[in-house]
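Structural overview for review
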Amino acid sequence: MQPDKNLNPETDDLPLRANTNHILVRHYVLDLTLHFDRKVISGSVVLFLEPSSGSGSKTEDGIGSGSCIIEAGRSHNVYVCRSHNEDTVEDGTEGIGKAMTKVEKILGAGERDGAECQALSGVRAQTPPETEMIQSSHLWETTSDDDFTLVMDCCDLHVSKVEEVDISSVFASESSGVRLVNRQTAFIQNLISMPSDQWRQKHQLFSLCSQAPGAQHGSSLQFYRDQWSLQVRKKGVASAQGFPRALRICYETRPTGGSVRWTKDQDNRVCVYTAGSPINNRALFPCQEPPVAMSTWQATVRAPSECVVLMSGEEEAIPVGDGDTSLLIWNYYVTMPMPASTFTLAVGHWHQVPAEIAPAVERGLKTDCSKTAKLGARPGERVQADQMSGHGSSISEVVKGSPLKTGSGDQTTHSDSALCYSSLEDATHSVTDYSGIVDDSISCSHDDYPCRFTEESARSQRVIPHRVFGPVSLLQKAQVGVLKLLPRCLAAAHTILGVHPFPRLDVLIVPAGFCSLGMASPHIIFLSQSVLCAGSPGTEEKSLSLCGSRICHEIAHSWFGLVIGARDWTEEWISEGFATYLEDIIWAQAQKLPSQETAEQSDLKALLRWRRLSDELQNSDEALQILRPNMGNTGQVSDSGSSTVKHALNPDKTFMQVHYLKGYFLLGFLASQVGEQQFINFFRLFVKKYHGQLILSQDFLQMLLITFPDLEREGLTLSAIHADWLDRPGIPKWLYERSAVWSQARLVEEVKAEVVKWILLSQSHQGKGRKRKRIEPKVNYKELTSEQLVVLLELLLEEEELSVPTVLALQRTYSLKDQDAEVQHRWCELVVKHAYTQAYADVEQFLVNHQKSDCVCVLGHGCVSVRGADGSGGPSAAGSGPSLPLFSPGRNGPISTQSGGGDGPMMFQLQTELTGA
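Residues numbered from 1 in each chain as written. Predicted model: local features only at pLDDT ≥ 70, side-chain atom pairs only at ≥ 80, totals over all residues. Heavy atoms only, no water.

**Re the nonpolar core**
- Residues Y28 and L670 are the most contacted members of the largest nonpolar core, which totals 204 residues.
- With 11 residues, the single largest contributor to this core is helix α13 (residues 658-674).
- Ranked by size, the runner-up nonpolar core spans 17 residues in total, among them V170, I188, I192 and F206. (Core = buried A, V, L, I, M, F, W, Y, C linked by side-chain atoms within 4.5 Å. Buried < 20%, exposed > 50% of the residue type's maximum accessible area, 1.4 Å probe, protein only. Helix = DSSP H or I, 4+ residues; strand = E, 2+ residues; numbered from the N terminus.)

In C-alpha cells:
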C-alpha cells in the first residue's frame with residue numbers, strides 16, 4: 001500500500017486506512033507511561049486480532065482456528081488447549097493464579113521486553129520533523145506486496161518496534177501433533193470468543209498474554225508508517241488467516257500530536273488529556289478507527305504520584321505503587337465493545353469535588369491546594385486531607401468500601417474512594433414519568449457482552465455512582481454548578497430513556513483551552529469551565545441553565561452516540577441532533593417544570609437555534625449543510641474496509657453546527673407528526689432494539705415509519721425525509737413556518753417589549769449636550785432568564801447605534817459580566833460593536849476564559865491585540881488547530897456558547913471584530 005504523499009490535511013477528507021474487512025482488533029492492552037518533563041507518552045499496545053472472514057477455515061494440520069477451548073487445567077495448574085469435543089469452560093479463577101505463578105520466568109522476560117519497548121520508544125529517531133511522518137523498519141523492502149498487510153490508523157507517533165507476541169508459555173507446552181503456531185491461533189481465537197459471563201477471567205488472560213515475550217523464532221515484524229497509517233507485514237504470510245494473532249507495538253507520542261493535548265490547568269499545573277480531534281485516538285496509539293472496528297480494551301497507566309488518572313473504564317481505578325519509583329499505576333478496562341475513538345484519557349493534578357465545602361476549606365481553596373483530598377493520595381495523605389477539610393464524613397450518601405455494581409451482572413468491586421449516589425429530593429416523584437409506558441423487557445441483538453440493559457438491578461438505578469473532578473481553584477463552582485445538578489440530570493435521563501448504559505460516571509472540568517463545551521465518552525464526561533456559573537458567591541444557583549442543559553446534552557450521548565453509534569461518521573446528526581433534542585426534555589424533567597412552562601422554554605430555545613441555523617446556512621458552503629453527505633453511498637466502504645470521512649478536515653466545518661441544529665429540528669418535525677409523548681416512547685423502543693449497535697439514518701427512520709404507519713399514508717415517506725432534510729442543503733419549508741410561531745411565543749414577546757424600552761432609552765440620549773446633566777428616565781425593566789437575555793442582546797446587536805449610557809445601564813441592570821458564558825458572549829459583541837472601552841476588561845477576561853486556544857489579550861485605546869501563548873502575534877482563532885470529531889460517536893463538535901447550537905464555534909466572530917481580521 002502506497003503512502004498518502006499527496007494528501008493535504010488542510011483541504012482533503014480524513015482517511016480511515018484500517019483494513020477492517022480483512023482483519024479486526026478485538027482487544028487492546030495498553031501499557032503507558034507519562035513523561036511530564038518531555039510531554040510525551042511512551043509504552044506499548046498489544047493487539048489481539050481476528051480475521052474478518054475465513055476464521056473458521058482449516059489450517060494445514062486440519063485444525064479449525066476455532067476448534068479448541070480454554071480451560072483451567074487444575075491437574076497441570078496452567079491453561080491448556082483442548083479439543084473442540086470439550087463443550088464446557090470451568091471458572092478458572094484458581095487456575096489463573098497458579099498459571100501466573102507457573103510462568104513467572106516467562107513474565108520476567110516479558111517485563112524485560114516491556115522495558116526494552118520503553119527504552120526504544122524513549123529515544124526518538126533523529127529525523128527532521130518534516131520527514132518524520134515517513135518511517136519504516138530496515139527490512140521493510142524485503143517483504144512482498146503479496147504478503148498480507150495489517151493496516152492500522154496511526155498519526156504523529158514514533159514507532160520503535162513491532163513484534164509478534166509468543167503466548168505459548170501461557171498454555172501447556174506438552175507435546176502434541178499440532179504445530180505451535182496453530183495452537184497459539186486457536187488459543188487466542190477461543191480467548192476472544194469466551195462468553196461474557198467470564199469477562200473477568202478473559203481480561204486476566206489478556207493481561208497474562210500481553211506480558212509474554214516477543215517471538216524468538218525470527219526477527220521483529222516489518223512495518224512502514226506514513227502520515228496516516230502504520231502498515232505491518234510478516235514475511236511469507238500471504239493471508240489474514242496466517243497472520244499473527246497477537247502483536248506488540250512499542251511507540252512514543254509526540255508533544256504536539258493531534259490526539260493528545262499537553263497544557264496547563266487553571267491552577268497552572270501541567271496536565272494532558274485526549275483532545276478528541278478529527279484524528280480521534282490515532283496519535284495516542286495505533287488503532288482501527290472505522291466505527292465498525294468494535295473492540296474492548298484494558299490499560300495500565302503510570303503517572304507521577306501527585307497526579308490523578310481518569311479514563312474510560314467500568315470500575316473506579318485504585319492506584320498502586322510502582323516499585324521504587326515515584327510513579328503510581330492505574331488500571332482501567334471496558335467489557336462493552338466500542339470504537340477506539342471513544343477511548344478517553346486525562347491525567348493531571350485533579351481534585352475530587354466534595355458534596356459540601358466547609359467555609360474554612362472555601363478560604364483555603366484560594367491559598368493552599370495541598371489541603372484538599374484528591375484521588376490517588378497515599379492513605380495517610382487522604383486521612384489528613386479529610387480531617388483538614390472537614391468533609392470526610394459529611395458527604396450525603398457516599399459509598400465507601402461498599403460493593404459497587406460493575407455491569408457484569410454477578411461481579412462487584414470494593415473501593416475506598418468516594419462515589420456519590422445522591423440524596424434526591426425527587427426520588428419518589430417526578431412531574432412526568434415515562435418509565436412505565438414502555439415494556440422494559442430486553443432481547444439484546446448485539447454481540448455478547450455484559451449488558452446492563454438485561455440487569456434487573458440496573459433498571460431501577462436512577463442515579464449511577466458519579467464523581468466530579470477539577471482543579472482546586474474551580475472546586476466551589478463545580479460543586480454548585482455540576483455536582484449538585486448531576487444526580488438530578490441522571491435521574492431525569494433515566495426517567496426519559498431508561499437504563500443507564502454505563503455503570504458509573506466521572507465528570508472532569510478540563511483546562512480553559514478545551515475546544516468544546518463538553519465531550520462525552522464511556523464512563524467520563526469532559527466539561528468546559530465555560531459552563532460553570534460566573535456569578536458572585538451566593539448567586540450561582542440563579543444561573544444554572546447553561547450548565548444543566550450541557551450536562552443533560554452529554555448524558556444523552558450515553559444513549560445516542562455511545563451505546564448506539566453511527567456506522568458512517570458523516571451522519572453525525574444521529575449523535576448530535578439527538579443529544580441536542582433530548583437535552584431540553586431531560587433538563588425540563590430535571591427542573592420539574594410543568595408542561596406549560598416546558599413548552600414555553602422549548603419555544604424560546606427553538607427560536608435561538610433557528611436564528612443560529614438560518615444565519616449559518618446563509619454564510620456557508622452548501623456542501624457543508626447536508627446531514628447525509630454521502631447520500632446514497634452512506635455506509636459504503638472499500639473492499640478492504642478503508643474509507644474517508646467527508647469534509648472531516650475541511651477547516652470551515654470546524655465552525656459548523658448544522659448537524660446539531662438541523663438534526664434537532666428534524667426530530668422536532670417528526671415529533672410534531674406523531675406527538676411528543678409518543679415520540680419519546682419510540683426513543684425507548686429504539687434504544688431497546690439497537691443498543692450496542694451501529695446504525696445509519698434509515699435504521700431510525702424506517703423503524704419510525706413502521707411503528708407509525710399513518711405517516712406514510714399521509715405522504716411522509718423515507719425518500720421524502722431524505723430529500724427534504726438529509727440530502728439537501730438549505731432549510732425545509734416546515735422550519736420556515738414554525739419559526740414564525742416561535743417568534744411570537746410568550747417569552748419572546750416579553751423580550752421584544754424590553755428591547756423597545758432600551759431603544760427608547762438610547763434615543764432619549766441623542767441630541768443632548770455633553771455638559772447638560774442627563775436625567776435618566778425611570779423605567780421598570782422585567783427580570784429575564786439567561787435565554788431571554790441572549791435574545792435581548794442579539795436583538796440589540798441589530799441596532800445601528802446604542803448610546804454609551806444605554807450600554808452602561810444594560811450592564812448594570814442585568815449584571816451581564818456575572819451571567820453565564822452565553823450571555824457574556826453577546827455582551828462582549830455589544831461592547832466591541834459600540835466601542836464601549838470601559839468594558840474592554842470584560843472582553844479580555846472572556847477571551848482568556850472561554851476561547852479554544854490559550855492566548856493573551858491586550859486591550860487599550862480602542863484596539864485589541866490577541867497573542868498566542870507562545871508569544872506569536874496575530875489572532876488566535878477559536879477554531880484553529882484540532883477540533884473535536886464532528887464525525888465520531890459520542891464526540892461533540894467544536895465549541896459554541898450558542899444555547900441553540902450545542903458546541904459550535906464560539907469566539908470566531910468576536911475575535912474577528914476585535915482584531916480587525
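**Quick notes on the pairing of strand β17 (residues 327-338)**
- With 10 of 12 residues buried, β17 lies mostly within the body of the structure.
- Where strand β14 (residues 295-304) and β17 come together, 9 bridges link them in antiparallel fashion. Bridged to P304 within β17 is L327.
- Here strand β16 (residues 320-321) pairs with β17 via 2 bridges, running antiparallel. Each residue of the ladder has a partner; that of V320, found in β17, is I329.
- Turn length for the β16-β17 hairpin, with the two strands adjacent in sequence and antiparallel, is 5 residues, and the turn residue G323 shows positive phi of about 65°. (Pairing = 2+ DSSP bridges.)

**Observations regarding the side chain of T634**
- Structurally, T634 is set in the loop between α12 (595-618) and β29 (643-645).
- Within polar-contact distance, the side chain of T634 engages the backbone oxygen of M631 at 2.7 Å.
- Not counting the four nearest positions on each side in its chain, T634 is found in contact with D568, E571, R628 and L696. (Polar contact = N/O pair within 3.5 Å; in protein donor to acceptor, adjacent residues only side chain to side chain. Contact = heavy atoms within 4.5 Å.)

**Description of the packing of aromatic side chains**
- According to the stated counting rule, one finds 38 aromatic pairs in the structure shown.
- Seen from their ring centres, W297 and F343 are 5.4 Å apart, and the 70° between their planes marks the pair as edge-to-face. Taken together, the residues W297 in strand β14 and F343 in the loop between β17 and β18 (345-348) connect sequence positions 46 residues apart. Residues W297 and F343 agree in their burial class; the two are buried.
- Ring geometry for Y581 against F679: centres 5.8 Å apart, planes inclined by 80°, an arrangement best described as edge-to-face. One end of the pair, Y581, is in helix α11 (residues 573-591); the other, F679, is in helix α14 (residues 676-690), and 98 residues separate them in sequence.
- Over the ring of Y664 we find R609; its NZ or CZ atom is 4.4 Å from the centre of that ring. (Phe/Tyr/Trp six-rings, centres within 6.5 Å; stacked < 30°, edge-to-face > 60°. Lys NZ or Arg CZ within 6 Å of the ring centre and 35° of its normal.)

**Description of the pattern of salt bridges**
- A complete count under the given rule lists 33 salt bridges for this structure.
- Linking R302 and D31 is a salt bridge whose minimum nitrogen-to-oxygen distance equals 2.3 Å. You can see R302 sitting in strand β14 and its partner D31 sitting in strand β2 (residues 23-35), a full 271 residues away along the chain.
- The partner of E289 in a salt bridge is R282, and the shortest N-O contact between them spans 3.0 Å. Note on accessibility: E289 and R282 belong to one class, buried.
- A cluster of three or more residues bridged by salt bridges with shared partners is formed by R611, E794, E798, E822 and R826. (Salt bridge = Lys/Arg side-chain N within 4 Å of Asp/Glu carboxyl O.)

**Observations concerning the sheet that holds strand β12 (residues 260-264)**
- Pairing in this open sheet of 4 strands is antiparallel, and the strands run β12-β13-β18-β15 from one edge to the other. Bordering the open sheet on either side are β12 and β15 (308-311), each of which pairs with just one other strand. Strand-to-strand twist in this sheet, taken as the mean axis angle between neighbours without regard to direction, amounts to 15°.
- Of the pairings in the sheet, the one linking β15 to β18 comprises 4 bridges and is antiparallel in character. Residue V309 lies in a different strand from β18, and its bridge partner there is V347. (Axes fitted to C-alpha atoms, helices over the stretch in contact; angles between N-to-C directions.)

**Regarding the packing of helix α15 (residues 697-707) against helix α17 (residues 718-726)**
- At a minimum axis separation of 10 Å, α15 and α17 run at an interaxial angle of 130°. For the element pair α15 / α17, the angle class is oblique. Handedness of the α15/α17 crossing: right-handed. Facing α15, whose interface residues are S697, Q698, L701, Q702 and L705, α17 presents L718, I721, H722 and L726.
- Class assignment of the residues belonging to the contact of α15 with α17 gives a composition of 5 nonpolar, 4 polar and no charged. (Parallel < 35°, antiparallel > 145°, perpendicular 65-115°, else oblique. Left-handed = near helix turned anticlockwise from the far one by under 90°. Nonpolar A, V, L, I, M, F, W, Y, C, P; charged D, E, K, R; others polar.)

**Remarks on the confidence of the model for the protein chain**
- When pLDDT is averaged along the protein chain, the result is 77, and 70% of the positions lie at 70 or above.
- Every residue in residues 173-178 scores below 50 in pLDDT, and together they form 5 contacts with partners more than four places removed in sequence or on other chains.
- A low-confidence stretch, residues 360-418 stays under pLDDT 50, and its non-local contacts, those more than four residues away or across chains, total 120 contacts. (pLDDT = per-residue confidence, 0-100.)

**Concerning the sheet that holds β14**
- Overall, mixed pairing links the 7 strands, which are arranged β8-β11-β3-β2-β14-β17-β16 in an open sheet. Unpaired on one side and paired on the other, β8 (157-164) and β16 mark the two borders of the sheet.
- Strand direction decides the pairing type here: β2 and strand β3 (residues 40-51), joined by 12 bridges, are antiparallel. Counterpart to L34 in the pairing with β3 is I41.
- On the sheet, helix α4 (residues 199-210) packs against β2, β3, β11 (246-253), β14 and β17 and is oriented at approximately 125° with respect to β17.

**Structural notes on the pairing of strand β9 (residues 222-225)**
- What you see with β9 is no split at all: Q222 and Y224 on one side and F223 and R225 on the other are buried throughout.
- Relative to β9, strand β6 (residues 135-136) is paired through 2 bridges, and the arrangement is antiparallel. Pairing of S136 across the sheet is with Y224, part of β9.
- Between β9 and strand β10 (residues 229-233), which follow one another and run antiparallel, lie 3 residues.

**Details of helix α9 (residues 486-497)**
- Taking 1.5 Å of rise per residue, the 12 residues of α9 would be expected to cover 16 Å, and the 16 Å separating its terminal C-alpha atoms lies within 8% of that figure.
- Taking burial as the measure, the 12 residues of α9 include 11 buried ones, the bulk of the element.
- Residues of α9 that are buried include every one of L486, P487, C489, L490, A491, A492, A493, H494, T495, I496 and L497, and no others.
- In the stretch just after α9, G498 is the one whose phi turns positive, near 95°. (Expected span 1.5 Å × (residues − 1).)

**Describing the environment of F683**
- Residue placement: F683 occurs in helix α14.
- Exposure remark for F683: the relative accessible area of 1% places this residue in the buried category.
- With 17 residues separating them along the chain, F683 and F700 place their C-alpha atoms 9.5 Å apart.

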